Amino acid sequence: KKRMEQHDFLVIGSGMAGLVFALRAAEAGTVAIYSKRDPRDGNTSWAQGGIAAAVARDDHASIHAADTLACGVGLCRLAAVQLVVDNGTRAIARLEEAGVSFARAADGGYELGREGGHSRRRIVHAADATGRVVIEALLARVAQHPNIRLLPQQVIVDLILDRSGTDGAGSRCLGAYVLDVESREIRPVAARVTMLATGGCGKVYRYTSNPDVATGDGIAVAWRAGCRVANLEMVQFHPTCLYHPDAKSFLISEAVRGEGGYLTTISGERLRIGHPLGDLAPRDIVARAIDREIKRRGDKHVLLHLEHLDADRISHRFPTIYETCRQHGIDITTTPIPVVPAAHYQCGGVMTDLQGRTDIPGLFAAGEVAFTGLHGANRLASNSLLEAVVMAEEAAAAAVAELPGIPMSGSLPPWDTGMATLPRETVLIDAHWDLVRRLMWDFVGIVRNDHRLALAARYLEIFRRSIESYYWDFVLDRDLIELRNLSLVAELIVRCARERRESRGLQYNEDHPERDDARYNVDTVLAPPRPREGPPL
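Computed from a prediction, not measured in an experiment: that's the story for all the values here. (Residues numbered from 1 in each chain as written. Predicted model: local features only at pLDDT ≥ 70, side-chain atom pairs only at ≥ 80, totals over all residues. Heavy atoms only, no water.)

Asker: Can you lay out the nonpolar core for me, pointing to particular residues and giving the numbers?
Answerer: Counting residues in each nonpolar core, the largest one holds 80 residues, and the members touching the most others are Met440 and Ile493. The element that contributes the greatest number of residues to this core is helix α14 (residues 478–499), accounting for 12 residues. Excluding anything up to four places from it in sequence, Met440 contacts Val204, Tyr205, Gly445, Leu460, Ala490, Ile493 and Val494. Ala53, Val100, Met195 and Leu374 belong to the second-largest nonpolar core, a separate cluster that totals 58 residues. (Core = buried A, V, L, I, M, F, W, Y, C linked by side-chain atoms within 4.5 Å. Buried < 20%, exposed > 50% of the residue type's maximum accessible area, 1.4 Å probe, protein only. Helix = DSSP H or I, 4+ residues; strand = E, 2+ residues; numbered from the N terminus. Contact = heavy atoms within 4.5 Å.)

Asker: I'd love a proper account of empty space enclosed by the protein, names of residues and values included.
Answerer: For the structure on display, the rule yields three cavities of 30 Å³ or more. Empty space within the largest cavity amounts to approximately 740 Å³. In this structure, the largest cavity is lined by 50 residues; those nearest its centre are Gly42, Asn43, Thr44, Gly199 and Glu368. The greatest single-element share of the lining of the largest cavity, amounting to four residues, is contributed by helix α11 (residues 383–402). Its boundaries defined by the atoms lining it, the second largest cavity holds a volume of some 60 Å³. What lines the second largest cavity is Val235, Phe237, Arg283, Asp284, Ala287, Arg288, Ile446, Gly505 and Leu506. If one sorts the elements of the lining of the second largest cavity by residue count, helix α8 (residues 283–297) sits on top with four residues. Taken together, the residues of the lining of the second largest cavity break down into five nonpolar, one polar and three charged. (1 Å grid on protein atoms, 1.4 Å probe; cavity = no way out; pocket = protein on both sides within 12 Å on 5 of 7 lines; lining within 4 Å. Points joined across faces, edges and corners; volume = space filled by probe spheres on them. Nonpolar A, V, L, I, M, F, W, Y, C, P; charged D, E, K, R; others polar.)

Asker: Talk me through the layout of surface pockets; I want residue IDs and the actual numbers.
Answerer: Considering only enclosed or pocket space, the largest pocket measures out at about 730 Å³ in volume. Considering the residues around the largest pocket, the lining is formed by 29 residues, among which Tyr207, Tyr243, Val340, Pro341 and Trp441 are closest to the centre. Of all elements in the fold, only β11 (235–242), α8, β14 (337–346) and α12 (426–443) reach the threshold of two or more residues within the lining of the largest pocket. Broken down by class, the residue content of the lining of the largest pocket amounts to 14 nonpolar, five polar and 10 charged.

Following this line, the structure appears as structure tokens:
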């Protein structure tokens, strides 16, 4: 009989939030990091722009906070904003201590970029590959730490709860069921503290800047366990992804426009954005302007121009973008880049307090999977990596403080396969995968209306019930687990969008085009039914 895996801290996800939490928690106990694919495959690695922090002489945390609040259109939680921006300088210092090298200017200070919605240059970066540089540095530290194990190709199936309470509700998280992709074994993993750091859900949409891992797993498992979610309608669409048949989900950083790039139609007319900041307006405004122009003209994309800028400067500042575009036959120093909007970042998520605690004791969340209230109705560019560092540190400090009072659970029940004996049918998974993503793009995209949202709700309920029916009949693999989570998160996004009958930030409903503070200047909170899955312990 195999000995059950037990850890002080179980971290689901190997992006910035997960790794920062693990390094801090490892000072107090054993940590296991479970990564769904390769640890470098998460959203953090794809983050080009950088980390927003008020480190310049002409900047201050209060100015950064004001920009964040303006971008969030009334829904930011002030305490979350203050906590995150006040720790900007400290977050950068902590990352440098971990081995991250940020770009420096000639005077020795940080080379700061500027992105949409920012009134100052405050984007600390490592050229245009900040996320990848950060991940490599953190992974090196993790590999050296004796208290941390990192296991790739491990997929969370569901959380394990203590349901011994009189009402049957999950009173504490005891760990998770995890699928080993190679052995195809599902096993219980016990932990005194579980951290969800699973990232976002961009793959819910047909077009996204996100890698394949971004299927909303953390939101789905937390919802099934009994956690509330909030503001899932606030999906940020990045205005500029490379439009090319061979370029899968390649982002053209907003920092490109911060250096003087500008947008035009295919015929060369400057894009009408309708905002004082023009091409550097907040992302929701630029994305809608592009979407509107594409639909009005029947074009496939718009153009992003850099050819008027110094060629050496552009190739040096954006080496990854320069080389990737070159590989696709585009010299960005002489030729405009074809771009389209794509789903990019989830501003909502699993509700947490400012120490990362969810509704279930023993379960924490940080990073894109979590809703802290920082972003409100629209994320200010490059606040995401800052939030991941600050909130992971806060969550780790809280979890470490609570650890002495949390006993290790006894034996956990093995995964019950039930009647699941049928081998997977690829055609079923592929068909539903395509149906969900295409429907979300067409009906729940950048511009929405009541009729399309109602249709989406009806179709998604049918899809999800179909997926659930064969989820319990077929032998589980990663694709089927992801599809189940994807369809659930899609439904939750639609539910949130239908509840907010106004237009604010990332939620734009053409049937309700005005902002309505009297009724909707509040978060959209969904509470799940009492969890029923899994045996009581």
